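# Working through the structure, step by step
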Amino acid sequence: MIRILVGNGKGGVGKSTIATGLAAALAARRRVTALADADRQRSSLGWLERRPASAAPIRALDWTRKLGAVPPGVERLVVDAPANLDGSEIEDLLDESDLVVVPVQPSLFDQAGTERFLGKLGKQKSVRKGRKAVVLVLNRLRPRARATVRLDAYARSLELPVAARLADRAIYEELAAQGLAVFDLAGARTAPARAEWAQLVDLLDGSA
Ligand SMILES: Nc1ncnc2c1ncn2[C@@H]1O[C@H](COP(=O)(O)OP(=O)(O)O)[C@@H](O)[C@H]1O
Ligand SMILES: [Mg+2]
């Protein structure tokens, strides 16, 4: 089993969008996938409740009160982390993860929240020793926007791998309202978005 933590100290950066999207992508590849929601806002659990029975199945795990057990047979666990984690909460979630995906948005305020989160991560021995990978997802990019150029420079300064660059697209919210993600719909409307996730999904699907 590979356990993927999607986290950032800041709210609204796309944690739930990326956690639900990754779970849908892995489920579409026929991985036995569970999505654990550790955020009291329950965005991922709500999304799973809205998810149609015909869509690729994803197990729901409610971790909003405490972290629980993962059912046997699960191949990929995606954890939607809450914002504003304190030190011990981060430690608990990190203990339960093999890889950390950090969504970042092109705003200076987000960079401050991200830095605090990465600072806390950097204190973890498993991260420092390179046993636990940390990758960035640059989210809500607008082509040719100054903020995008700035975010690229910022990501380079962090010296962490950028696993995906996701454009700002209305389709994410539209599909999330139906418990769906871009991986649930084949066709030209979702293809450009899916292409932007491909490298990240390959990484999480392929690493044994
Ligand atoms: N790439 C994107 N394009 C357009 N809207 C996005 C994108 N990523 C996230 N959003 C929207 O931004 C809002 C916050 O995203 P969400 O995933 O809930 O963030 P978090 O879980 O970090 O608080 C949601 O309304 C979501 O639909
Ligand atoms: Mg959320």
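All of these numbers come straight from a predicted model, not from anything done at the bench.

## Observations concerning the layout of surface pockets
Of the pockets and cavities examined, the largest pocket occupies roughly 610 Å³. Around the largest pocket, the lining is made up of 26 residues, and of these Gly14, Ser16, Thr17, Arg140 and Glu173 lie nearest the centre. Elements with a contribution of two residues or more to the lining of the largest pocket: helix 1 (15–28), helix 2 (43–50), strand 6 (133–141) and helix 7 (171–176). Grouping the constituent residues of the lining of the largest pocket by class yields eight nonpolar, 11 polar and seven charged. Here the second largest pocket is characterised by a volume of approximately 260 Å³. Lining the second largest pocket are 15 residues, with Ala38, Thr64, Pro82, Leu85 and Glu89 sitting closest to its centre. Residue composition of the lining of the second largest pocket, grouped by class: seven nonpolar, two polar and six charged.

## Focus: empty space enclosed by the protein
What the rule picks out here adds up to one cavity of 30 Å³ or more. As for the largest cavity, its lining consists of Thr17, Thr20, Gly21, Trp47, Tyr172, Ala176, Leu180, Ala181, Val182 and Trp197. At the level of elements, helix 1 and helix 7 are the ones that each hand at least two residues to the lining of the largest cavity. Ranked by residues supplied to the lining of the largest cavity, first place goes to helix 1 with three residues. Along the lines of polarity and charge, the residues of the lining of the largest cavity split into seven nonpolar, three polar and no charged.

## Brief notes about the nonpolar core
Across soluble globular proteins, nonpolar side chains show a tendency to be buried alongside one another. The biggest cluster of nonpolar side chains holds 36 residues, and the ones touching the most others in it are Ile4, Leu22, Val78, Val101, Trp197 and Leu200. Among the elements of the structure, strand 1 (2–6), helix 1, helix 2, strand 5 (99–104), strand 6, strand 7 (162–167), helix 7 and helix 8 (191–206) are those that each provide at least two residues to this core. Top contributing element to this core by residue count: helix 1, with eight residues. What Val78 contacts, discounting residues up to four positions off in sequence, is Ile4, Val6, Ala19, Leu22, Ala23, Leu26, Ala34, Leu35 and Ala36. The next biggest cluster of nonpolar side chains, apart from the first, holds 28 residues, and it includes Val74, Val100, Val102 and Leu136.

## Details of the sheet that holds strand 4 (residues 76–80)
In space, the seven strands of this open sheet follow the order 3-2-4-1-5-6-7, with parallel pairing throughout. This sheet does not close on itself; its edge strands, each paired only once, are strand 3 (59–62) and strand 7. Each strand of the sheet is rotated relative to its neighbour by a mean of 20 degrees, with strand direction disregarded. Sheet analysis places strand 6 next to strand 7, joined by four bridges and oriented parallel.

How each quantity is defined
- Residues numbered from 1 in each chain as written.
- Chains lettered and ligands numbered in written order.
- Predicted model: local features only at pLDDT ≥ 70, side-chain atom pairs only at ≥ 80, totals over all residues.
- Heavy atoms only, no water.
- 1 Å grid on protein atoms, 1.4 Å probe; cavity = no way out; pocket = protein on both sides within 12 Å on 5 of 7 lines; lining within 4 Å.
- Points joined across faces, edges and corners; volume = space filled by probe spheres on them.
- Helix = DSSP H or I, 4+ residues; strand = E, 2+ residues; numbered from the N terminus.
- Nonpolar A, V, L, I, M, F, W, Y, C, P; charged D, E, K, R; others polar.
- Core = buried A, V, L, I, M, F, W, Y, C linked by side-chain atoms within 4.5 Å.
- Buried < 20%, exposed > 50% of the residue type's maximum accessible area, 1.4 Å probe, protein only.
- Contact = heavy atoms within 4.5 Å.
- Pairing = 2+ DSSP bridges.
- Axes fitted to C-alpha atoms, helices over the stretch in contact; angles between N-to-C directions.

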